[in-house]
Amino acid sequence: MRDTIVIGAGLAGLMGALALAEAGRRPLLLSKGQGATHWTGGTIDVWGDTEGNDLREVLRSLPASQPDHTYARVGVEGLEAAIDRFRALVEAANYPYVGSLERNTLLPTAIGALRPAAFFPVTMAAGDVRQADEMLIAGFHELRDFYPPLAADNLQAQGVAARGVYLTLPPIKRSLEFTTRTFAFLFDDPGFREQIGEQLRKERGSATRIGLPAVLGLKDPVGAMRDLERITGAQIFEIPTLPPSIPGMRLFQIFRNAIAHVGGRLQVGSEVLRGIGEDGRLTTVYSEAAAREQEHRANYFLLATGGIAGGGIRTDHTGRVWETALGLPLRAPQSRAEWFEPRFLAEHGHPIYRAGIATDDGLRPLDAHDHRVYDNVVVAGSLLTGSDPIPERCYSGLALATGWHAGQLLRIED
Ligand SMILES: Cc1cc2nc3c(=O)[nH]c(=O)nc-3n(C[C@H](O)[C@H](O)[C@H](O)COP(=O)(O)OP(=O)(O)OC[C@H]3O[C@@H](n4cnc5c(N)ncnc54)[C@H](O)[C@@H]3O)c2cc1C
């Protein structure tokens, strides 16, 4: 019998597992696969404000208009505590995050759009488009879906001085498939960095900062950035790419090491198929294994399997919407016709993306009559109902805050 099982390896599950492992609860984390970490840009988006508002004030005023919003469950203090722990974790791994809750920073995307982020790796910091300095955006023909001239043109159109160039790959052991991962391995090599740095120095012109796809290595991205800065004399910054996300992989590795270091265990490749309980407590979950189902018993469970994008919620053509691990009741549109607003860019988002588990103040799952389903289960991350993640852009901020909070709630259980 385990003390605690965490289900899901996204930011919510990882934060929860870290909190529990640090409290000596030796959690077992079961996960079907990687979390959204491997898809996301690697920034911590707390709220999608682009007007320069103080995010803490925005979030403090939220309960007045949306009393059931997920942020209201953790409060601004809960969010700050989670961010503090997260930043200390990544700083200790030599991958510091910068930014603030005072206001979002606008960073360029791979197509030159501007996106707000509260916190981001220091390797992205010089991309802040509110700085006036000219940028050079550089990439490689071999890395698909990153087009420096397109990004630069779009930035120019928005008043950001930018120019785009393609670099030439030095002779290397050819790879049939160039992915972000291939480039990250290349940038882990100081010799490769020297050659690319030299090209950048020649191309730089009047630009004082240079944006590259976010592939500056998995081992020491800050060291890679500093090397390129030394060679070029310009500030270097990373721009998130399409998946797989190297910044997300770095984060996952940092969490994995930290959790294992304090006695937790991660078992990725273990989809939880069902659970059974008695007397209002979940006792056992069953995960998919090669030959037969694997049984796991524990005193407490933290469920963080993501929403529709994470696999924690599934839908089908009949309009059925269900929770995949434990079959918990969901708050979701009653019929398929109610899933989407008529307009794609609907002001309040599409109702299906609000589908999720409702909880009490202690993040325990509720049924349709607001009765607790299990006393020893807490829920975190995108699986919770109560936010409108796409228009609100509260993704990773909510995952960190609720994951950490859920871990704290279980820490104090006997
Ligand atoms: C393509 C994409 C890009 C994004 N970009 C950004 C961004 O740039 N900035 C940002 O802030 N946010 C971004 N997000 C959103 C953000 O990453 C997520 O909202 C947030 O990380 C959710 O975290 P989570 O832990 O709740 O769920 P997830 O990260 O989705 O993790 C869910 C985990 O549960 C596991 N799982 C699911 N079902 C089961 C099961 N039955 N049994 C066992 N395990 C299961 C999954 O394998 C996964 O490990 C993006 C999301 C996507 C999909």
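The shown structure was predicted, so the numbers you read here are calculated from the model rather than taken from an experiment. (Residues numbered from 1 in each chain as written. Predicted model: local features only at pLDDT ≥ 70, side-chain atom pairs only at ≥ 80, totals over all residues.)

As for the overall build of the chain
Within the chain, the secondary structure is distributed over ten helices and 17 strands. Expected size for 414 residues packed as a compact globule is a radius of gyration near 22 Å; at 22 Å, the chain falls within 12% of this value. With the C-alpha coordinates aligned to their principal axes, the bounding extent of the chain is approximately 70 × 45 × 40 Å. Of all 414 residues assigned to the chain, the portion counted as buried reaches 46%. Restricting the contact set of the chain to residue pairs at least 6 apart, pairs at least 24 apart contribute 69%. (Helix = DSSP H or I, 4+ residues; strand = E, 2+ residues; numbered from the N terminus. Rg over C-alpha atoms; globule rule 2.2 N^0.38 Å. Buried ≥ 20, exposed ≤ 12 C-beta atoms within 10 Å, placed from the backbone. Contact = placed C-beta atoms within 7 Å.)

Things to note about the sheet that holds strand β7 (residues 135-140)
Taken in spatial order, the four strands make up an open sheet running β8-β7-β9-β10, and their pairing is parallel. Strand pairing shows two members of the sheet lacking a second neighbour, β8 (162-167) and β10 (235-239), which therefore form its edges. Here the strands of the sheet are splayed against their neighbours by 25° on average, with no regard to which way each runs. Judged from the six bridges that link them, β7 and β8 form a sheet pairing that is parallel. Bridge pairing in β8 places Phe 140 opposite Leu 167. (Pairing = 2+ DSSP bridges. Axes fitted to C-alpha atoms, helices over the stretch in contact; angles between N-to-C directions.)

Description of the nonpolar core
Soluble globular proteins: nonpolar side chains tend toward being buried together. Core analysis: the largest hydrophobic core is formed by 110 residues, its most contacted members being Leu 303 and Leu 400. Sorting elements by how many residues they give to this core places helix α1 (residues 11-22) first, with nine residues. Among all residues touching Leu 303, those that are not within four sequence positions of it are Ile 7, Gly 8, Ala 325, Leu 326, Val 377, Val 379 and Leu 383. (Core = buried A, V, L, I, M, F, W, Y, C linked by C-beta atoms within 7 Å.)

Re the site of the ligand
The full set close to the ligand counts 37 residues, and Gly 10, Gly 306, Gly 310, Gly 381 and Tyr 395 are the nearest of them. Those elements giving two or more residues to the shell around the ligand turn out to be α1, β2 (28-31) and α10 (395-411). Across the shell around the ligand, the residue classes break down as 15 nonpolar, 19 polar and three charged. (Near = placed C-beta within 6 Å. Nonpolar A, V, L, I, M, F, W, Y, C, P; charged D, E, K, R; others polar.)

Digging into the domain arrangement of the chain
According to the domain assignment, the chain contains domain 1 (2-95 + 248-411) and domain 2 (110-239). With 16 residues of domain 1 in contact, the opposing surface of domain 2 contributes eleven residues. Looking at the side of domain 1 that touches domain 2 residue by residue, the class counts come to six nonpolar, six polar and four charged. (Domains from an automatic or database assignment.)

Comments concerning helix α4 (residues 148-157)
Taken as a whole, α4 has its buried residues at Pro 148, Ala 151, Ala 152, Asn 154 and Leu 155. Looking down the long axis of α4, one finds its buried residues gathered within 165° of arc, a one-sided arrangement. On its buried face, α4 is in contact with β4 (105-108), β7 and β8. The first or second residue beyond α4 is Gly 159, which carries a positive phi of 85°. (Arc of directions from axis to C-beta.)

Brief notes about helix α3 (residues 70-92)
For α3, the principal kink sits at Val 76 and spans about 70°. Here α3 has its buried residues at Thr 70, Tyr 71, Arg 73, Val 74, Leu 79, Ala 82, Ile 83, Phe 86 and Val 90. On its buried face, α3 sits against α1, α2 (55-65), β3 (97-99), β6 (119-121), α8 (246-261) and α10. Among the residues trailing α3, Asn 94 stands out with phi positive, at a value near 60°. (Bend = angle between axes of the 7 residues up to and from the residue.)

Quick look at the pairing of β7
Consecutive residues of a regular strand have side chains that alternate between opposite faces of the sheet. Burial within β7 is extensive, with five of its six residues counted as buried. In this fold, the crossover linking β7 to β8 by way of α4 has right-handed handedness. Note: β7 against strand β9 (residues 209-213), three bridges, orientation parallel. Within β9, the position partnered with Ile 137 by the bridge is Gly 211. (Right-handed = clockwise from strand over helix to strand, strands pointing away.)

Looking at the environment of Arg 226
Following the sequence through the fold, Arg 226 ends up in helix α7 (residues 221-232). Distance in space between the C-alpha atoms of Arg 226 and Thr 123 is 9.3 Å, their sequence separation being 103 residues.

Considering the packing of α1 against α10
Orientation of α1 relative to α10, taken along the N-to-C sense of each, is 30°, at an axis distance of 7 Å. Classified by the angle their axes make, α1 and α10 are roughly parallel. Considering only the axes of α1 and α10, their crossing is right-handed. On α10, the residues touching Leu 11, Ala 12, Gly 13, Leu 14, Met 15, Gly 16, Leu 18, Ala 19 and Leu 20 of α1 are Ser 396, Ala 399, Leu 400, Thr 402, Gly 403, Trp 404, Ala 406, Gly 407, Gln 408, Leu 410 and Arg 411. When grouped by side-chain class, the residues that make up the contact of α1 with α10 number twelve nonpolar, seven polar and one charged. (Parallel < 35°, antiparallel > 145°, perpendicular 65-115°, else oblique. Left-handed = near helix turned anticlockwise from the far one by under 90°.)

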